[in-house]
Amino acid sequence: ICCERRWGVMGCASSTTVRAARPIEAVASSTSSVRPVPPVQTTRHEDVHARDAGIAAPDGADNVGGFPPGTTPPPSAASVPAAATVATPAVGPTPASEAASADVQQDAHTPTACQPPVAVARNKPDTSVTNTATLRTKIGLDTPRRDRAAWKALLEKHVEVREKARDVELDAQILRGDVRGDVLAKVLSVEKRIVSFLLSSTFTDTEWERNLVLDDVVPYLQEFARQHQFELRLVEMRWGIRQDASNSHQTSEICMAELERCQRESQGYSYIFLGAQKYGFRPFPAKIPEAVFRLLREQLDSDSQALLDSCYLLDTNILVVPADMHSGLNEWHHGTPESSAGPVYMLRSSTDIKKEGKEWWPIFETLQKKLREASQGVWKDKMSTLRDPSSRAYIKKFFISVTEEEFSRGLLWVDGEHQRTQTLVFRRTIVDLASHTANAEAKKFIDVQGSAEDVEAQTLLGEQLTMVPACVETIVYAPIEWGPGIDPTNSAHAAYLRQFLDDFCRKLTESIRSGAEKLAVKVDTVVDEATHHLRFALVRAKKFTSTQSTRKVENMAKAYLTTSGGEDGNASDSNALVIHGRSGAGKTYLLSNIMGATLSRGGTGVVVMRFLGTTPLSSNVLALLTSVCQQLRRVYGKEEEIPSDFKELRTYFHRAVTEWATEEKPLTLFIDSVDQLDDSNAGRRLDWLPVTGLPPYVKLVVSTLPDYPEFRCQSILHDKLGEEAAKHMVEVETISEHEQVLKHLLQLMGRRVTQEQLQYISKIFEERKDTDAAGTPLWLTIVAYAVSSWPSYGHVPSFVI
């Protein structure tokens with residue numbers, strides 16, 4: 001997954017898998033390698049225009065308040081011969097009238113150091129990006145990468161990945177349903193076959209690199225990934241961020257969430273940094289914890305307090321969570337090491353502020369300056385940590401750029417092994433860029449204040465670039481001359497871009513290959529199927545909450561599962577337990593909770609479960625019985641082969657369930673949603689399911705929907721149980737404690753609602769609880785997601801549930 005901020009989650013290009021191969025060129029043995037670039041030509045390309053023309057605040061908007069002294073400033077980043085930036089492809093400038101009326105997408109990475117974010121119409125990609133059919137031809141690449149000889153040979157080369165042996169004892173525990181010890185973590189872990197990374201940089205200066213990666217490299221990598229049964233996912237956040245999210249200052253938060261997702265999922269690179277000569281936009285936090293906000297407010301004069309109060313509103317709908325919730329990032333998220341999430345002050349939408357007849361950017365400038373001053377007063381003891389790479393002090397939020405926050409999260413605040421194997425840095429420099437600051441084009445490539453270089457922002461960038469750990473591979477390109485900007489008709493610029501694309505593609509193919517090797521374990525479909533259903537149950541059991549409508553079922557299931565069949569002369573215990581209820585009633589979550597309780601008791605028994613319809617092997621009766629029989633055969637050590645003929649298989653399954661269990665190794669079998677089987681082999685007639693006459697050491701729990709025209713599973717089970725149906729069939733009734741369930745669901749998301757909002761939801765619940773699925777846990781789950789974004793302030797939002 002290449003997370004590209006320019007597109008975001010909505011603009012996700014995805015593929016499946018990779019089949020590795022050796023890189024086109026050998027990797028340099030050192031962590032830093034210099035790529036020579038041919039001499040620069042001075043030809044100017046007249047078609048290169050500013051893409052990000054738009055709203056601009058007065059000079060100094062991002063520099064007010066200054067950065068407090070703390071360290072000896074390094075040389076200006078523009079003069080450091082290690083990084084540089086790239087210009088934008090050809091596109092006409094945004095009309096001033098359009099830009100002035102927009103206040104469109106805040107680009108937290110685009111603006112110069114002295115400007116707030118430039119207006120960028122993210123939902124309408126410019127032609128320089130969408131018309132990429134000829135983009136690569138501008139730098140001399142006439143054919144797609146897959147058709148170039150060396151890269152084509154790499155795709156065609158068959159490379160065997162050596163599979164590692166499986167852990168036999170671990171597999172045996174999973175098949176038995178024994179999730180004690182390390183097995184639980186293994187079952188709950190999901191190792192996705194994905195390479196997912198955030199491509200981090202400021203935007204206006206790396207437009208050519210980003211667009212060419214999309215045009216020339218990504219299609220090739222997607223094909224390469226498919227050959228390894230991997231997925232390459234590209235998340236480009238230049239577009240895809242909704243307008244309301246941008247105006248509500250959520251762009252940075254969305255970006256950081258994408259980075260965290262890459263770090264969780266990727267089997268290869270999770271963060272790639274394009275280091276150039278622009279530091280980028282430095283906002284103040286859009287969310288400030290209540291306690292921290294009050295400390296900052298105390299540092300301000302009365303006029304500044306009034307301005308702060310007019311721009312921030314207290315949202316009490318955020319729950320307090322344990323202090324260790326973020327595994328060491330608590331201070332960064334919540335202000336101090338001791339603080340925890342809870343009520344926060346939210347920066348109001350710029351749209352709402354403009355509706356009051358106020359201009360946002362002058363307010364932004366003033367708040368930026370005042371909050372920086374206030375933060376220095378609150379955290380005097382943290383001043384020395386501002387340029388400490390390992391520090392996560394909250395004061396940094398008021399001074400560093402959004403790009404440096406990505407840099408810190410993606411590159412610095414991870415362990416050494418992650419840095420070495422899952423991060424990568426590219427560096428590019430334009431010679432003497434600072435001397436061109438009077439050129440309007442230069443503002444896209446360097447931080448400026450007025451018409452001069454912004455020394456403070458460039459100092460911060462220089463410090464940031466020195467923070468790259470020695471273990472992180474860094475590819476440094478030889479400096480190139482001003483074009484202006486990046487000029488594809490300049491032979492040196494074109495050569496640089498071609499080399500960058502080759503290096504980028506080579507490193508990603510290596511990363512995909514490495515990920516494939518890491519996950520290269522011999523396939524065991526029986527264990528994989530058992531693992532899926534165990535995980536399915538355990539994950540849902542964690543989210544379950546008991547109510548009055550579920551306790552009857554829970555108590556009945558507990559009594560059934562802890563009593564041996566035929567014990568105390570009660571022959572009815574030799575029958576199955578059937579749980580039924582309407583769609584959305586919560587049967588699956590309830591059954592998952594029952595399964596979870598059974599698994600937690602451990603012991604020497606065997607616990608097998610299937611959630612029908614969640615996998616191909618649980619969607620039709622032939623595949624289901626084969627899968628369950630394979631699992632039972634291995635658990636009980638039977639040698640007899642499993643037949644392929646369905647009639648013989650049904651007999652085999654019946655014998656496995658009714659004859660193999662013993663007092664020393666009892667069997668508990670859960671089958672959820674028998675109505676989800678397809679009609680092949682008359683699966684929903686349930687002739688294959690032995691629900692009566694079970695031996696003393698076998699327990700069978702089944703769930704189903706009520707009868708529908710397409711199937712009559714409930715009636716069939718009722719008829720099978722006969723006179724014992726009343727004792728062995730239990731209904732999951734309509735929820736009676738909807739407020740409890742709603743609060744529980746919101747709590748899982750770290751949210752809550754006010755009493756007024758809860759009354760509004762309750763009113764709708766009462767009006768609709770008897771219609772279709774309304775009033776069910778499923779309905780409440782949908783409602784919970786819908787209302788989880790409601791702040792505590794303002795009127796109750798009106799919407800149809």
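Residues numbered from 1 in each chain as written. Predicted model: local features only at pLDDT ≥ 70, side-chain atom pairs only at ≥ 80, totals over all residues. Heavy atoms only, no water.

Okay, the overall build of the chain next. Regarding its fold elements, the chain presents 27 helices and 18 strands. Expressed as a percentage of its 801 residues, the buried residues of the chain come to 57%. Sequence-distant contacts, at least 24 apart, represent 82% of the contacts inside the chain between residues at least 6 apart. With the model as given, the accessible surface of the chain reaches about 32,700 Å², and the carbon-plus-sulfur share is 51%. (Helix = DSSP H or I, 4+ residues; strand = E, 2+ residues; numbered from the N terminus. Buried < 20%, exposed > 50% of the residue type's maximum accessible area, 1.4 Å probe, protein only. Contact = heavy atoms within 4.5 Å. Areas by Shrake-Rupley, 256 points an atom, 1.4 Å probe, with all protein chains shown as cover.)

What helix α27 (residues 777–787) keeps buried is the set W779, L780, V783, A784 and V787. Seen along its axis, α27 keeps its buried residues to an arc of 140 degrees; they face one direction. Structural note: α27 exposes I782 and Y785 on the side pointing more than 90 degrees away from its buried face. Close packing links the buried residues of α27 with α25 (738–748) and α26 (755–768). (Arc of directions from axis to C-beta.)

The 5 strands lie next to each other as β15-β16-β17-β14-β18, forming an open sheet whose pairing is parallel. Strands at the two margins of the open sheet, each flanked by one partner only, are β15 (606–611) and β18 (729–731). Direction aside, neighbouring strands of the sheet carry axes that sit 15 degrees apart on average. Judged from the 6 bridges that link them, β15 and strand β16 (residues 667–672) form a sheet pairing that is parallel. Residue V606 lies in a different strand from β16, and its bridge partner there is L667. (Pairing = 2+ DSSP bridges. Axes fitted to C-alpha atoms, helices over the stretch in contact; angles between N-to-C directions.)

This part takes up the packing of helix α18 (residues 525–543) against helix α21 (residues 621–635). For the pair α18 and α21, the least separation of the axes is 10 Å and the interaxial angle reads 105 degrees. Between α18 and α21, the angle is such that the two are roughly perpendicular. Contacts between α18 and α21 pair V526, V527, E529 and A530 from the former with S627, Q630, Q631 and R634 from the latter. (Parallel < 35°, antiparallel > 145°, perpendicular 65-115°, else oblique.)

Right, let's talk about the pairing of β16 for a bit. With 6 of its 6 residues buried, β16 lies for the most part within the structure. As paired strands, β16 and strand β17 (residues 698–704) are joined by 5 bridges and run parallel to one another. From the neighbouring strand, L669 faces β17, where its bridge partner is L700.

Further remarks concern the sheet that holds strand β7 (residues 287–289). One open sheet accounts for 3 strands, arranged β7-β9-β8; its pairing is antiparallel. Edge strands, defined here as strands with exactly one partner in the open sheet, are β7 and β8 (312–315). Put simply, the sheet's adjacent strands are angled 30 degrees from each other on average, direction ignored. As defined by bridge partners, β7 adjoins strand β9 (residues 344–347) across 3 bridges and the pair is classed as antiparallel. Paired with I288 across the two strands is Y345, which belongs to β9.

Taken as a whole and assessed by the stated rule, the structure comprises 40 salt bridges. With a shortest N-O distance of 3.0 Å, E456 and R282 are connected by a salt bridge. Residue E456 is located in helix α16 (residues 455–465), and its partner R282 is located in the loop between β6 (271–275) and β7; the two are separated by 174 residues in the primary sequence. The same class applies to E456 as to R282, namely buried. With a closest N to O distance of 2.9 Å, D524 and R634 form a salt bridge. Here D524, found in the loop between α17 (491–518) and α18, pairs with R634, found in helix α21; they are 110 residues apart in sequence, far enough to count as distant. Here R634 falls in the partly exposed class, since its relative accessible area comes to 39%. Connected through salt bridges with shared partners, the residues K192, E231, R233, E258, R261 and E265 form a single ionic network. (Salt bridge = Lys/Arg side-chain N within 4 Å of Asp/Glu carboxyl O.)

Let us now look at unusual backbone geometry. Residue P484 follows G483 across a cis peptide bond; omega there is 5 degrees. Phi at A682 takes a positive value of approximately 50 degrees, unusual for a residue other than glycine. Looking at the element boundaries, A682 is found in the loop between β16 and β17. With relative accessibility at 27%, the residue A682 sits in the partly exposed group. At L686, a residue that is not glycine, the phi angle is positive and equals roughly 65 degrees. For L686, a relative accessible area of 0% puts it in the buried group.

Further remarks concern the nonpolar core. Most often, soluble globular proteins have nonpolar side chains that are buried together. Core analysis: the largest hydrophobic core is formed by 75 residues, its most contacted members being I594, M609, L632, F670, W688 and L700. F670 has contacts with L561, L591, I594, M595, T598, V607, V608, M609, R610 and V701, leaving out every residue within four places of it along the chain. In this structure, V218, F426, I475 and I480 belong to the second largest nonpolar core, which totals 49 residues. (Core = buried A, V, L, I, M, F, W, Y, C linked by side-chain atoms within 4.5 Å.)

Neither face of strand β14 (residues 577–580) is left uncovered, since the one carrying L577 and I579 and the one carrying V578 and H580 both have all their residues buried. Bridge count for β14 against β17 is 4 bridges, and the pairing is parallel. Across the sheet, V578 pairs through a bridge with V702, a residue of β17.

Below, the discussion takes up the packing of α21 against helix α22 (residues 646–659). Between α21 and α22, whose axes approach to 10 Å, the crossing angle comes to 40 degrees. It follows from the interaxial angle that α21 and α22 lie oblique. With respect to the hand of their crossing, α21 and α22 are arranged in left-handed fashion. Between α21 and α22, the residues in contact are V621, L622, L625, T626, V628, C629, L632 and R633 and F646, L649, R650, Y652, F653, A656 and V657, respectively. Of the residues in the contact of α21 with α22, the class split is 12 nonpolar, 1 polar and 2 charged. (Left-handed = near helix turned anticlockwise from the far one by under 90°. Nonpolar A, V, L, I, M, F, W, Y, C, P; charged D, E, K, R; others polar.)

Once that is clear, we can look at the confidence of the model for the chain. Across the chain, the average pLDDT comes to 81, with 79% of residues at 70 or higher. Segment residues 1–130 is flagged for pLDDT under 50; beyond a separation of four residues in sequence, or across chains, it makes 486 contacts in the model. Note on residues 566–571: pLDDT is under 50 here. Beyond four places in sequence and across chains, it has 4 contacts. (pLDDT = per-residue confidence, 0-100.)

So, on to the side chain of R409. Mapped onto the secondary structure, R409 falls in helix α14 (residues 402–412). A residue is classified by how much of its surface remains accessible, and R409, at 8% relative accessible area, is buried. Residue contacts for R409: discarding those within four places in its chain leaves M256, L259, E260, Q263, W332, H333 and V414.

The next subject is the side chain of H418. Along the chain, H418 falls in helix α15 (residues 416–422). According to the relative accessible area criterion, H418 is buried, its value standing at 11%. Look past the residues within four positions of H418 in its chain and what remains in contact with it is Q263, S270 and T423.

All right, on to the environment of R166 then. Structurally, R166 can be placed in the loop between α3 (149–156) and α4 (168–176). In this structure the C-alpha to C-alpha distance between R166 and D524, which are 358 residues apart in sequence, comes to 8.7 Å. Filtering out sequence-adjacent residues up to four positions away, R166 remains in contact with D171, V521, K522, V523, D524, V527 and D528. Within the local environment of R166, its side chain forms a polar contact with the side chain of D171, the two groups lying 2.8 Å apart. Here the side chain of R166 touches K522 through a polar contact of 2.8 Å, landing on its backbone oxygen. (Polar contact = N/O pair within 3.5 Å; in protein donor to acceptor, adjacent residues only side chain to side chain.)

A few words now on the packing of aromatic side chains. Taken as a whole and assessed by the stated rule, the structure comprises 29 aromatic pairs. Ring geometry for F273 and F407: centres 5.1 Å apart, planes at 70 degrees, overall edge-to-face. Here F407 lies in helix α14 and F273 lies in strand β6, a separation of 134 residues in the sequence. Assigned by exposure class, F273 and F407 land together as buried. Seen from their ring centres, Y394 and F398 are 6.0 Å apart, and the 70 degrees between their planes marks the pair as edge-to-face. As far as the burial class goes, Y394 and F398 line up, both buried. Through a chain of ring-to-ring contacts, the aromatic side chains of F197, F426, Y477, Y496, F500 and F504 assemble into a single cluster. One Lys or Arg, K665, reaches over the ring of Y636 and ends 5.6 Å from the middle of that ring. (Phe/Tyr/Trp six-rings, centres within 6.5 Å; stacked < 30°, edge-to-face > 60°. Lys NZ or Arg CZ within 6 Å of the ring centre and 35° of its normal.)

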